[in-house]
Amino acid sequence: MDDETLLLFTVYIYLLNLPRFIIFVHGICSYVQYFMESGIEFLFSKEEDGTNNSFSDSFGYGISEPGNSPPTPSIFKGGWLTINGVSSHILTWGGWVEDFPPESDSLILFMCGVPGITLFYHNFLEKLYNILKIPVWTICVAGHELPPSSSNMGLPDDPKLYNNVKAQVDHKLAFIKSYVPRNKKIYLIGHSFGAKMVTELLKDEQVSEQMQKCVLLMPTLERFKDTPRAQFWLMMLKVGFIYPLAFFVWLQSTLPMSWRIAITHLYFRLRGLRQVSQCCKDALLQFCEPTVFYNVRTLVWDELRVIQKLDTEILTRYSNKMKVYFAMEDQWAPLTHCETLKTAIPQLSVEVLDSKFKHAFTLDTAQDMAEKLVVDLVDDDILKQDSCL
């Protein structure tokens with residue numbers, strides 16, 4: 001290749017990528033302008049008690065670092081285990097997974113959505129336990145939580161152990177077979193992508209034999225790529241706007257913790273959420289770690305590829321033990337999917353929730369959702385006998 005051809009080729013590549021570069025720079029500038037304007041408004045606004053946000057105790061200073069959840073009673077325990085080669089964060093109420101098996105004959109297993117950070121669901125699951133007094137366990141989506149830097153644990157070198165749908169199902173199956181006693185009656189609850197994992201787990205003979213009832217919350221069971229929110233993020237990827245977002249996540253991760261906490265607090269305020277629990281704030285800080293953000297993106301891209309056709313066979317087989325909830329307004333699991341499900345499997349119990357319940361229900365209606373689920377869960381005679389109700 002002569003010098004002239006090389007120059008023309010270089011110019012061609014430059015012009016080809018110039019629009020994306022301009023979008024990238026414009027995106028960064030937009031983020032900076034947005035947060036500066038919103039931050040100024042926020043700092044000079046007032047709390048409900050009349051105090052300044054910038055000096056309020058609720059602003060976030062002094063909050064523990066991500067992963068150090070607030071003190072809870074002794075019935076709760078969180079810890080790390082290596083499951084299927086991946087360091088995994090586990091929360092339990094009513095008995096730790098490595099201790100002697102819980103006295104209860106029943107066990108509630110919860111599968112997180114995406115991002116699969118367990119602290120997002122802390123208040124919801126704690127409320128379930130406080131009402132039912134039945135052991136409740138949950139495990140993070142593999143790769144979506146990072147072990148403490150002080151530990152010797154870390155993510156495996158092979159990302160195929162956690163960056164795709166199949167790996168996530170294998171991860172949960174390994175957890176169940178390693179730590180759930182065979183004589184326990186399992187009640188499976190899954191939210192969003194977690195609901196899809198529940199349906200996949202039911203294809204295993206041991207899980208299906210132990211399963212007594214399933215609850216699917218705002219499930220992403222089909223045509224995931226066609227959902228409004230997925231279409232939005234595909235458009236963001238197409239125009240290159242995802243790159244300034246990733247850059248912003250990295251940039252904020254380099255800031256002092258007090259600044260990161262302030263940005264997190266500001267984010268919830270801009271969404272109109274004033275009563276977000278400390279656990280959800282800590283969970284958002286974890287999500288904004290660049291490695292976690294990348295792993296979440298990678299898994300979502302695989303979801304777009306894999307979750308297409310509704311698995312009517314498995315849903316029909318266990319329809320008598322299954323309850324499905326849809327939100328009235330949901331960009332990830334729209335009501336069109338609800339109608340498709342009811343048409344395909346008429347005998348399946350499907351309910352549209354009250355308008356106050358959103359897809360991210362853990363941010364503002366976690367306890368209300370737990371109370372709603374209890375009503376349906378205790379319809380099961382075995383669970384009613386085992387619980388305190």
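Keep in mind it's a predicted model, so treat the numbers as computed, not measured.

Draft legend 1. Looking closely at the packing of helix H3 (residues 165-179) against helix H4 (residues 193-201). Running from N to C, H3 and H4 point in directions that differ by 65 degrees, and their axes come no closer than 10 Å. Put simply, H3 runs roughly perpendicular to H4. Here H3 runs over H4; the crossing is right-handed. Two secondary-structure elements touch here, H3 through Val165, Gln168, Val169, Lys172, Leu173 and Ile176 and H4 through Phe193, Met197, Glu200 and Leu201. When the residues that make up the contact of H3 with H4 are grouped by side-chain class, the tally is seven nonpolar, one polar and two charged.

Draft legend 2. Molecular detail of unusual backbone geometry. Of the consecutive residues Val114 and Pro115, the connecting peptide bond is found in the cis state with omega at 5 degrees. Within the secondary structure, Pro115 is located in the loop between strand E3 (106-111) and helix H2 (122-132). Its identity as a non-glycine residue notwithstanding, Ser192 has a phi of 60 degrees, on the positive side. Structurally, Ser192 can be placed in the loop between strand E5 (185-191) and H4. Phi angles above zero are rare outside glycine, and Met218 is one such case at about 45 degrees. Overall, the relative accessible area of 0% leaves Met218 in the buried class.

Draft legend 3. Region of the structure containing a nonpolar patch on the surface. There is a patch of nonpolar side chains on the surface, built from Phe232, Met235 and Val239 and spanning about 240 Å² of accessible area. Position of Phe232 among the secondary structure elements: in helix H6 (residues 228-238). Phe232 gets classed as partly exposed once you look at its relative accessible area, which sits at 31%.

Draft legend 4. Broad picture of the sheet that holds strand E2 (residues 86-93). Here we have eight strands laid out as an open sheet, ordered E1-E2-E4-E3-E5-E6-E7-E8, and mixed in their pairing. Here the strands that pair on one side only, and so sit at the sheet edges, are strand E1 (76-83) and strand E8 (349-352). Shown here is a sheet whose adjacent strand axes are inclined to one another by a mean of 20 degrees, direction ignored. In this structure, E5 lies alongside strand E6 (residues 211-217), joined through six bridges in parallel fashion. Paired with Ile189 across the two strands is Val215, which belongs to E6. The sheet strands contacting H4 are E3, E5 and E6, and the helix crosses E5 at an angle near 145 degrees. Contacts from helix H13 (residues 366-377) reach E5, E6, strand E7 (322-326) and E8, with the element oriented near 145 degrees to E6.

Draft legend 5. Up close: the environment of Leu119. If you trace the backbone, Leu119 turns up in the loop between E3 and H2. Residue class for Leu119 comes out buried when judged on its relative accessible area of 1%. As a C-alpha pair, Leu119 and Asp282 span 163 residues in sequence and 7.3 Å in three-dimensional space.

Conventions adopted
Residues numbered from 1 in each chain as written. Predicted model: local features only at pLDDT ≥ 70, side-chain atom pairs only at ≥ 80, totals over all residues. Heavy atoms only, no water. Axes fitted to C-alpha atoms, helices over the stretch in contact; angles between N-to-C directions. Helix = DSSP H or I, 4+ residues; strand = E, 2+ residues; numbered from the N terminus. Parallel < 35°, antiparallel > 145°, perpendicular 65-115°, else oblique. Left-handed = near helix turned anticlockwise from the far one by under 90°. Contact = heavy atoms within 4.5 Å. Nonpolar A, V, L, I, M, F, W, Y, C, P; charged D, E, K, R; others polar. Buried < 20%, exposed > 50% of the residue type's maximum accessible area, 1.4 Å probe, protein only. Patch = residues over 30% accessible without salt bridge, like charges linked within 9 Å, V, L, I, M, F, W, Y side chains within 5 Å. Areas by Shrake-Rupley, 256 points an atom, 1.4 Å probe, with all protein chains shown as cover. Salt bridge = Lys/Arg side-chain N within 4 Å of Asp/Glu carboxyl O. Pairing = 2+ DSSP bridges.

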